[in-house]
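The chain contents come next:
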Amino acid sequence: MTVNADIDALATKASWRDLPAAQQPTYPDAEALREVVADLESYPPLVFAGECDELRTRMGAVARGEAFLLQGGDCAESFDAVTAEHIRAKLKTILQMGAVLTYAASVPVVKVGRIAGQYSKPRSKDTETRDGVTLPTYRGDSVNGFDFTEAARVPDPDRLRRMYHHSASTLNLVRAFTTGGYADLRQVHAWNQDFVRTSASGQRYEQLAREIDNALNFMRACGTDPEEFRTVEFYSSHEALLMDYESALTRVDSRTGRLYDVSAHMVWIGERTRQLDGAHIEFASKIRNPIGVKLGPTTTTEEALQYIERLDPEREPGRLTFVVRMGADKIRDKLPTLVEKVTASGATVAWVTDPMHGNTFEAASGHKTRRFDDVLDEVKGFFEVHKELGTHPGGIHVELTGDDVTECVGGGDEIFVDDLHQRYETACDPRLNRSQSLDLAFLVAEMYRSQ
Ligand code: PEP
Ligand code: CO
C-alpha cells in the first residue's frame, strides 16, 4: 500500500473525533491517557481481519434465513472473573445451548460470545447515591472500580491496558477450548444429557435430548466422524463504547487496505450511543467488522433506515444486525413496522432479539432483576412477528453466565425474589444462570420447531 493510502486510512479512522461521543469517561490525567493509547496502538491485534470477514459471511447466512445467531455472555465482564473456571462454565453453557438450537432449527448456529472485551458499560445516570453519599457511577472495569469509594470511582486509563490483556488471555483460552477437542459435539451433548437427567427443569426436555441422541447414534452407526464435531467456530463481540480503546485497536488490513476494529470479531453500538450524528455510528461506518445496533422501543423507522444508509451502504447481508430490545410488553407493537419498512427498503439485515434489556426492574430488596417469563415472552413475541411477516427470526442475544447465580427470577429450577441475595454476583445487569440459560435454549428450540 502507498504512503498516501495509509494517510487516507488514518484520516478515515479519526473521523469520529469531530463528533460528540456519548458515555465517555473524563480522565483526570490526559497525558496518562495518551501514553496508554500509544501502547494500545502498538499491541498486536486480538483477532484477524480475515476472521471478521468470515463472521460477516456467517452473519450473511443469518440475514438470509439460512442460519441462527446465538450471542451470549456477561452483561459486564470483570477482571476478577478472568479465570479458567468462569470462562469454561460460560463457554460450556453457550455450546450446550448451541447444540440444542442447531438440532431444533436444522440450520447452522453461529456462536458469538459477549466475551473477551465486554468490560465497558453505558449508564443511565452519571452518579450513584448510597446512604446520602453520592459518587460517580461504575462504568465497567475498563473505566473505574466497582467499590463504592471515591478513589475507586475515578476513571483510570491504565484500565484500558488491563482490558486489552484480560481480553487477550480470555480469547486465548476460548480458542484453546473450542479447537482443542474440549468442545466435541458428543461431549457437549453428554453435558446436555446430564442437565436433562439431573435437574428438575431439565426433565421436561427428555424427548428432545433423546432425539439428538438418536441422531448422533445413527451417524456413528453409519461410520461418519466429521471434523466439524470436534472443533467449534466461536467468535468474540462486545459493545464498542470507549472510543479511545476501539480506535487504538483499529488497523488497516494489509490484504484489503480497509479498516478493521481488531479488538473483537463483531462489535455493536448500544441503545444509549446510537445517535446518527454521534461518534459511535461514524466510527462503526468506517470499519469492516460485522456491526450490531441495539434498537430500543423509541426507535423510529426513519432511524432504522438511516442506520442502513450509514452502516450498510453496499447492502451486504451480514454487515448489519439489528438487535431488538423492546421489552416483552412492547415487542408485538413496535417490531412489525420496523421489519416491514426495512424489508420494503430492499436491505437484508439480520434481526436478533435481546430479550434482556427491555425487561429489567428493581425488586423490593433493591436488586436489579428480570423475570425469566418476561425474557421468554419477548422471544416469543419476536418469533410471532417474524412468522406473521414471513421474515427470519435470526437469533437471540442474551446475558448469561455458566455459574449458578441468583440474579433473574423464575425458570424451571425456580429462583424466587427472596433468593436474589444468595448469589447476586453481576457487575451490572442480572444474568440468566446456567440452568435458566439451558431452559431458554430448550424452550426456544421448541418454539423454532413449531414455527
Ligand atoms: C448491553 O447490552 O449490555 C446494554 C447496555 O444494552 P443496551 O445498549 O441495549 O441498553
Ligand atoms: Co446489560
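Just above, that's the structure.
Residues numbered from 1 in each chain as written. Chains lettered and ligands numbered in written order. Predicted model: local features only at pLDDT ≥ 70, side-chain atom pairs only at ≥ 80, totals over all residues. Heavy atoms only, no water.

Colleague: Can you help me understand the pattern of salt bridges in this one?
Modeller: Oppositely charged side chains are able to pair whenever their charged atoms sit close together. Applying the stated criterion across every chain, the model contains 41 salt bridges. As a salt-bridge pair, aspartate 225 and arginine 230 come within 3.1 Å of each other at their nearest N and O atoms. Because the salt bridges share partners, they merge into one network encompassing Asp53, Arg56, Asp253, Arg255, Arg288 and Glu316. (Salt bridge = Lys/Arg side-chain N within 4 Å of Asp/Glu carboxyl O.)

Colleague: Looking at this model, I keep getting lost on the site of ligand 1. Mind explaining?
Modeller: Lining the immediate environment of ligand 1, one finds Cys75, Arg114, Lys121, Pro122, Trp268, Gly270, Glu271, Arg272, Lys294, Arg325, His357 and Glu399. One of the side-chain N or O atoms of lysine 121 is found 2.7 Å from an oxygen atom in ligand 1. Lysine 294 has a polar side-chain atom sitting 2.7 Å from an oxygen atom of ligand 1. Taking 290 Å² as the accessible area of ligand 1 by itself, protein coverage stands at 98%. Given that more than half its atoms are within 2 Å of the pocket grid, ligand 1 belongs to the largest pocket. (Near = heavy atom within 4 Å. Polar contact = N/O pair within 3.5 Å; in protein donor to acceptor, adjacent residues only side chain to side chain. Areas by Shrake-Rupley, 256 points an atom, 1.4 Å probe, with all protein chains shown as cover. 1 Å grid on protein atoms, 1.4 Å probe; cavity = no way out; pocket = protein on both sides within 12 Å on 5 of 7 lines; lining within 4 Å. Sits in = over half its atoms within 2 Å of the grid points.)

Colleague: For this particular structure, what's the right way to read empty space enclosed by the protein?
Modeller: Rolled over the atoms, a probe sized like a water molecule indicates the empty space that remains. This structure, assessed with the given rule, holds one cavity of 30 Å³ or more. Computed from the structure, the largest cavity encloses a volume of approximately 30 Å³. Looking at side-chain class alone, the lining of the largest cavity contains six nonpolar, one polar and one charged residues. (Points joined across faces, edges and corners; volume = space filled by probe spheres on them. Nonpolar A, V, L, I, M, F, W, Y, C, P; charged D, E, K, R; others polar.)

Colleague: Is there a simple way to think about the packing of helix H4 (residues 84-105) against helix H5 (residues 158-179) in this case?
Modeller: To describe two helices that pack against each other, one gives the angle between their axes and the distance between the axes. Where H4 meets H5, the closest approach of the two axes is 10 Å, and the angle between their N-to-C directions is 50 degrees. It follows from the interaxial angle that H4 and H5 lie oblique. The element H4 and its partner H5 pack so that their crossing is right-handed. Of H5, the residues touching H4 (which contributes Ala84, Ile87, Arg88 and Leu91) are Thr170, Leu173, Val174, Phe177 and Thr178. A class-by-class count of the residues in the contact of H4 with H5 yields six nonpolar, two polar and one charged. (Axes fitted to C-alpha atoms, helices over the stretch in contact; angles between N-to-C directions. Helix = DSSP H or I, 4+ residues; strand = E, 2+ residues; numbered from the N terminus. Parallel < 35°, antiparallel > 145°, perpendicular 65-115°, else oblique. Left-handed = near helix turned anticlockwise from the far one by under 90°. Contact = heavy atoms within 4.5 Å.)

Colleague: Would you take a moment to explain the coordination of the cobalt ion (ligand 2) for this structure?
Modeller: Tetrahedral coordination by four donors places them ideally at 109.5 degrees to one another around the metal; octahedral coordination by six donors ideally gives 90 or 180 degrees. Those protein atoms acting as donors to the cobalt ion (ligand 2) are Cys75 (SG), His357 (NE2), Glu399 (OE) and Asp429 (OD), and they sit at 2.1 to 2.4 Å. All donors to the cobalt ion (ligand 2) come from one chain, and their sequence spacing reads C-x281-H-x41-E-x29-D. Of the two residues, histidine 357 is situated in the loop between strand S11 (350-353) and strand S12 (360-362) and aspartate 429 in the loop between strand S14 (395-399) and helix H13 (434-449); the sequence distance between them amounts to 72 residues. On the accessibility criterion, aspartate 429 (7% relative accessible area) is buried. (Donors = N, O, S within 2.8 Å, 3.2 Å for Na, K, Ca; no water. Buried < 20%, exposed > 50% of the residue type's maximum accessible area, 1.4 Å probe, protein only.)

Colleague: Where do I start with the pairing of S11 in this structure?
Modeller: Consecutive residues of a regular strand have side chains that alternate between opposite faces of the sheet. Burial of the side chains of S11 extends over both faces: Ala350 and Val352 are buried on one face and Trp351 and Thr353 on the other. The handedness of the strand S10 (residues 320-324) to S11 crossover, carried by helix H11 (residues 331-344), is right-handed. As judged from the two bridges shared by S11 and S14, these two strands associate in the parallel manner. Along S14, the bridge assignment pairs threonine 353 with isoleucine 396. (Right-handed = clockwise from strand over helix to strand, strands pointing away. Pairing = 2+ DSSP bridges.)

Colleague: Hey, could you run me through the packing of aromatic side chains in this one?
Modeller: By convention here, two paired aromatic rings are described through the distance between centres and the angle between planes. Tallied over the full model, the rule gives 13 aromatic pairs. The rings of Phe68, Phe382, Phe383 and Tyr448 are connected pair by pair, giving a single aromatic cluster. One cation-aromatic arrangement involves arginine 371 over phenylalanine 361; the distance from NZ or CZ to the ring centre is 4.2 Å. (Phe/Tyr/Trp six-rings, centres within 6.5 Å; stacked < 30°, edge-to-face > 60°. Lys NZ or Arg CZ within 6 Å of the ring centre and 35° of its normal.)

Colleague: Would you explain the side chain of arginine 431 in this entry?
Modeller: Considering the arrangement of structural elements, one finds arginine 431 in the loop between S14 and H13. Overall, the relative accessible area of 8% leaves arginine 431 in the buried class. Within polar-contact distance, the side chain of arginine 431 engages the side chain of aspartate 74 at 2.7 Å. A distance of 2.7 Å separates the side chain of arginine 431 from the side chain of glutamate 407, its partner in a polar contact. Apart from the residues lying within four places of it in its own chain, the contact partners of arginine 431 are Asp74, Cys75, Glu399, Leu400, Thr401, Val405, Glu407, Cys408, Glu425, Thr426 and Gln436.

Colleague: Just checking my understanding: could you explain the pairing of strand S9 (residues 291-295) for this structure?
Modeller: S9 sits mainly inside the fold: five of its five residues count as buried. Burial along S9 is two-sided: Ile291, Val293 and Leu295 and Gly292 and Lys294, pointing in opposite directions, are all buried. In this structure, strand S8 (residues 266-269) lies alongside S9, joined through three bridges in parallel fashion. The partner of valine 267 across the bridge, within S9, is isoleucine 291. Assessed by its sense of winding, the connection that carries the chain from S8 through helix H9 (residues 279-286) to S9 is right-handed.

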